[in-house]
Amino acid sequence: MTSGTQPPGRCAWLGKWGRSSKAATLLFYGFALGLVALGVREVLTGFEENRCSMTYMFQYPEYLRVPLPRRVTRQYPAYGLYLYGEGAYTQESRELQLFGAPVIFLHGNSGSYKQARSLGSVALRKAENAEGGLHFNVFAVDFNEELVALYGGSLQRQTHFLHESIKAILKLYKHLKTPPKSVLLVGHSMGGLLARALFTLPNFDTALVHLIITQATPHLAPVLVLDHYLRDFYSALRKKWAEQADGLKNVTVVSIGGGHRDFQVRSGLTSIPCAPGDPTKLSLVATAVPRTWVSTDHLSIVWCKELVLATVRAFYDLIDPNTRQFTDNLAKKSAVLKHHFMRHSAQMLGDTQEAAFSLQDAEEAWNEVNTLRLAYRTPKEAEVKYFVFALSSRRKAYSHFYCRSSNWDMSSWVYGCVRQNASLCEHAVDLSKATELLPAYKVLTLSLGDLSPFTHLVVSASNPNGKQFTLECEWQRQESLALSLPVPHVLSFGLTLSEVTVRSSGLFHSVKLQHFHEVYQAFRINVASECKRDNVFRLPSVYRIKVPWFFEDVLSSASAPSVTEISAMLHTNRPDNESSVHLQLHTAPNCQYKVSVRTSLPKVLGQILRFFIPMVPVYTTVTLLLACGAQLSNICKSRRAVSMSLALRSGLQPHKVNLSVYILHILFSCSWLKNTWTLLCLPMMDVAPPIFPDTLLDDGTVPCAEWPYLLHPLLYVIGAAVAYWGTVLLRLSTRLLSLLLALLHRSSISRHCGTLRLPAQLIIMVLLTILGWNTCGAISIMAAFGIHLYRVLRLQMTERSLRHILNLAPQTHRKHSGTESRECESAPLLSECVLREIRDDLQVHLCLSALFTVPVVLSAPSLVYWSRNLSYSTQLNQDPYWPYFLPLCGIYLRLVNCDSQKLTDSKLLPLMSFLLLPVSIAMVIFCPFHLYRVTYFLLGALAPLALCCL
C-alpha cells in the first residue's frame, strides 16, 4: 500500500464523518436562521393591528409654491417651500396675503412635502368652527425625498435651507399690525432633527422658534451610522444643546414615538437627551397619548387621525388671544402640551380649577351614600342628581376615594365641600383637575390625606341632555389593592409561569411586576376575568402597563368576563434601582381576575433584533473574515482550499472573539488605561446606543447600555447565520449568472481566465479614479466589485466545463490525482489535478467576493442619494467614500489575479492567516454601532492579503 492511499475502512469512516459533520452544520445554521426569522417576524408583525383612523381630505389638496430669494433658489435648486391649501382657502391664499399662525411641516428620510396634508386638512376643518376666523397656515418644506437617515452629507444643507425658509415665511406677514415673530415646527423622523439643528447655526436667531413637535424622530442616536457626516451631525447637535441648555430654556420640544409598530425607529431613540425633570422637553409614546392610545408605524404617525387631532387641539390652545399667534409663555406651553399629550383632565383647558361652585339645587337631587361602593346608571330622561360621600367616617379605615364615569363630557364632576349639620353644600371646590381619561371612561383617584379641608365629597351624576352614562365609586385601602408578582427569568423560554389571583372585588388593583426593567425582557401577560353574575351591564375593564420612568404606557380594554393577552415590552431601561413596572387593573365589580405572566421567546428575539440590529452586519463581517482566515490557514497547511461551508464552520470562533472583547471591556474600565488611550488619540470603544430616557451627563453625552454578556454570543450566531446563508445565496447566484454568461462568452479551461494584466489594471484604475472623482466613490467600488465578480463567474464556467469534459474523457486522462503540487505541474491540461486547482481558486475567490460585498452594501445609500440628485449635480460633494475608495478599488483589482498557487508560495501567508483574528476582535470593539468603520478594518485586512498575491 502506498503512502498516498488510505485503507478502505478508514476512507468509509472519514466519508461518514464528513457527511455527519455537514449535516450538523446545516442543522446548526438552519436553527440559527430559524431564530433570525422568528425575531424578524416578531419585529415586523408581532404587535397589534393598525388601529389608527385615516385622515381624509374633504376637498382637493393643493400646494402653492412660495417664492424664495433668487440667491436661495440658486444655492438650493433641489429644495422648495409650499403652502398647503384646499378649496376656497387655496383661492384666498394665492396672493400669499396670509393672516393665520405659521406652522412648518418637515418630512423625514425619503419623505415627501405632501405628507403635510393630514395636518393641514385637519387644521382647516377645525378652523371652520373657530371663533374670530382663527386658523393656521401650514407650510411644507420639500427636501427632494433625500435619503438622509442613511446618508448624512446633506443634513447641514437642509438645515440652512430651513433657516432661509423661516425667514421667507415671516416676511409674508409684514402687512399685519402684529406679525408673527416665530414659527411652530412639526418634524417627522429626521425632519425633527433638522428643527433642533437650527440652533447649531452660528447666525440663527433663537427667537424664531419657540416650539418644536417631532414625530418618530431618533433624538438620542441614529438608527444606523453609515458615514461620518451623520456622526458629526449628531455630535454637534448634542454638544450645542448641552452647552447652551440655559439659553434654550425658551424652546419647548415634544417628541412622540410610534411604539412597537414602528420598527424603523424604535421609540427609545425618540427620547430627548436633557437634564432630568426639564419641563421644556417632553418625550412620550403614542400609546400613552390621551384620546389616541394606539401604536403607529413610522409613516402612519403622520396621518393617524387620533394623534393629528390631539396635535391640532394643542395648536389652538397655544394661541395667544391678544396676538392671535403662538404664545411664548413657558408655563402655558407646558400646561397645554401636558394636557393634550400626557394627562388629559377631561376638562376644557383654561377652566378655573380652584373656583368655588354653588350646588343649591332642589333637595330631591341630593343623595347620601353610606355604602362602600356606588353603582349608578342615569336614565334616558334629563335629571339633576348629586351623590354625597361623608369623609369623616372613612378617614381612618380607607386611604383613597376612587370614582369613574363613562360620561366623557369635558366638565367638572367631583367636588369637595364643607357641610354643616344637614344643610346642603352651598359652597364647593372643584376637584376634577386630577381626572384622567382612559379608553372607556374617565377616572379620578383622590387621596384622603389631601382632603382635610373638606367634610364631604360630591359627585355629579346629572345628565341635562338626557345622555345615559354609568357612574361607579368606592372607598379603597391602598395596601389591600397593591399586589406583587415576580416575572419569570428571560431564560425560562416560556416554560415557567408566574401568576397571581386578585381576590378583592374592588374597582382598581395594581400588580407590581418585580424584576421587569430591562429592554431585552418580553412577556405575554394573560388577564382572565370571571364574574359571579352574567347578563349584568358592566363597564369594560381597562388594563394599563405603567412605566414610571418613561411615558410609554400601553392601555387596552376588554369586557368582563373575558381572557385578554397583553404583550409587555419596554422601550427604555430603568435608570434607577427603585421604580418598577406596574400592571394597573381597572376592574369590574363582583369579578375575580387572574394575572399570569410568561416569557415570550419570539418577543425576546424581536427585542434583541430591535435594539441590536446594527451589530448583526458587524458579526456577519467578522464571520466572513474569520472564514477567509480559515481558508488561508488551510492553504498554508495542506496547500488546498476548502469549500465555503467548511471555511465558515472553521471560522466560527465566538469563544475567541467574545472572550477577548470581554477582557478588553474589563481593561477599559480602568481609568489609567482609558487616560493613556485618550492621550494616544486612539478611538474609544464603541458602545450601544443609549437606552435611558431624558438623561444627560455633564459632558453632554448620554449614558449607554450595559448588556448581559450572553447577548454577544447570540448576536454572533445570528451574524454567522446571515453570513452562511448569504454565501449560499452567493454560490447559487454565481452558478446561475455563469450559465447566463456562457451564452455570451466562450468557456475556457485555464485557471487564469478573467485575470487582468498589469497594464489593464493600471488603465482600469485610472478610469475608476476619474469615475469616482466626477461622480461618487460608491460607483467605483461597485465597478471594481463587478470586475472581480466577472473573475468568479469565469472560474465557475471553467470548473463546470472541465468537469463535464472529464466525465466524458477516457479513464487514462483521469489517473493523475496526486495530492502534491509537483504531480500537478506535470499533469495534462485535462486532468483531475487541474480541475482541483480551479476549484481551489474558485473557493478562494468566493470567500473574497463575500467580503467584497460588505463595502458595496455599506456604500449603497450614498449611491442612491447621488442617483436621485443626478439632475442637479453629477458629482457628490459630500462623499463619505472619497478618502478610501481608491485603495479599496486597487485591492479589488489586485486580488482579481489571486490564486491558491500564489498564496501557497507567499511567505506572508502564515502571518496573514493569524492577522485576521485580531482584526475581527478590533472590529467588534470599534464598529458595532458605527458601521462605516467596518470598511476601514477591511482595508487593513485585505491590503496584506493583496501583498500575498504579488
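Residues numbered from 1 in each chain as written. Predicted model: local features only at pLDDT ≥ 70, side-chain atom pairs only at ≥ 80, totals over all residues. Heavy atoms only, no water.

Some remarks on the packing of aromatic side chains
With the rule as written, the count across this model stands at 36 aromatic pairs. Arranged with centres 5.2 Å apart and planes meeting at 85°, the rings of phenylalanine 199 and phenylalanine 204 form a pair that is edge-to-face. We classify phenylalanine 199 as buried; its relative accessible area is 3%. Assessed through its relative accessible area of 9%, phenylalanine 204 is described here as buried. (Phe/Tyr/Trp six-rings, centres within 6.5 Å; stacked < 30°, edge-to-face > 60°. Buried < 20%, exposed > 50% of the residue type's maximum accessible area, 1.4 Å probe, protein only.)

A short note on helix α18 (residues 758-774)
Helical geometry: 3.6 residues make up each α-helical turn, so side chains three or four residues apart lie on a common side. The end-to-end C-alpha distance of α18, which contains 17 residues, comes to 24 Å, matching closely the 24 Å that a straight helix rising 1.5 Å per residue would cover. Turning to α18, its buried residues number three or more, namely Gln761, Ile764, Met765, Leu768 and Gly772. Burial along α18 is one-sided: seen end-on, the buried residues are contained in an arc of 105°. Opposite its buried face, α18 presents the exposed residues Pro759, Leu762, Ile763 and Leu767, each directed more than 90 degrees away. (Helix = DSSP H or I, 4+ residues; strand = E, 2+ residues; numbered from the N terminus. Expected span 1.5 Å × (residues − 1). Arc of directions from axis to C-beta.)

Describing the sheet that holds strand β23 (residues 497-502)
The strands making up a sheet associate through hydrogen bonds between their backbones, and the pairing can be parallel or antiparallel. Sheet architecture is open: four strands sit in the order β23-β30-β25-β28, paired in antiparallel fashion. A strand with exactly one partner marks an edge of an open sheet, and here the two such strands are β23 and β28 (562-569). Direction aside, the axes of adjacent strands within the sheet are offset by 20° on average. As paired strands, strand β25 (residues 522-531) and β28 are joined by eight bridges and run antiparallel to one another. Looking at β28, one finds that alanine 528 is bridged to valine 563. Relative to the sheet, helix α12 (residues 601-612) contacts β25, β28 and β30 (591-599), its axis offset from that of β25 by approximately 140°. (Pairing = 2+ DSSP bridges. Axes fitted to C-alpha atoms, helices over the stretch in contact; angles between N-to-C directions. Contact = heavy atoms within 4.5 Å.)

Structural notes on the side chain of glutamine 796
Counting through the fold element by element, glutamine 796 comes out in helix α19 (residues 777-808). Here glutamine 796 falls in the buried class, since its relative accessible area comes to 7%.

Re the pairing of strand β29 (residues 581-586)
Burial runs high along β29: five of the six residues are buried. Across six bridges, strand β24 (residues 508-514) lies against β29 in antiparallel orientation. Considered in β29, the bridge of serine 510 is made with glutamine 584. Bridge count between strand β26 (residues 541-546) and β29: five bridges; the pairing is antiparallel.

Thoughts on the packing of helix α21 (residues 832-868) against helix α25 (residues 933-948)
Contact geometry for α21 and α25: axes closest at 11 Å, N-to-C directions at 150°. The hand of the α21/α25 crossing is left-handed. Residues Leu848, Leu851, Phe852, Val854, Pro855 and Leu858 of α21 form the contact with α25, whose own contacting residues are Val934, Thr935, Leu938, Leu942 and Leu945. The residue inventory of the contact of α21 with α25, partitioned by class, reads ten nonpolar, one polar and no charged. (Left-handed = near helix turned anticlockwise from the far one by under 90°. Nonpolar A, V, L, I, M, F, W, Y, C, P; charged D, E, K, R; others polar.)

Topic: the state of the cysteines
Taken as a whole and judged by the stated rule, the model has four disulfides. Disulfide partner of cysteine 52: cysteine 304, at an S-S distance of 2.2 Å. Between cysteine 52 and cysteine 304, the S-S dihedral sits near -85°, and the bridge is therefore left-handed. Of the two residues, cysteine 52 sits in the loop between α1 (8-45) and β1 (61-65) while cysteine 304 sits in the loop between α8 (300-303) and α9 (305-317), which places them 252 residues apart along the sequence. The burial state of cysteine 52 is the same as that of cysteine 304; both residues are buried. Covalently, cysteine 531 is tied to cysteine 591 through a disulfide, its sulfur atoms 2.0 Å apart. Given an S-S torsion of about 100°, the disulfide between cysteine 531 and cysteine 591 has right-handed geometry. In this pair, cysteine 531 sits in strand β25 while cysteine 591 sits in strand β30, placing the two residues 60 residues apart along the sequence. Here the two residues cysteine 531 and cysteine 591 agree in accessibility, since each one is buried. (Disulfide = S-S within 2.5 Å.)

With respect to unusual backbone geometry
Note that the residue after alanine 560, namely proline 561, is joined by a cis bond; omega there is 0°. Examined against the element boundaries, proline 561 turns out to sit in the loop between β27 (554-558) and β28. Residue alanine 346 is not a glycine yet carries a positive backbone phi of 60°. Structurally, alanine 346 is set in the loop between α10 (330-341) and β11 (356-357). The class of alanine 346 is buried, set by a relative accessible area of 1%.

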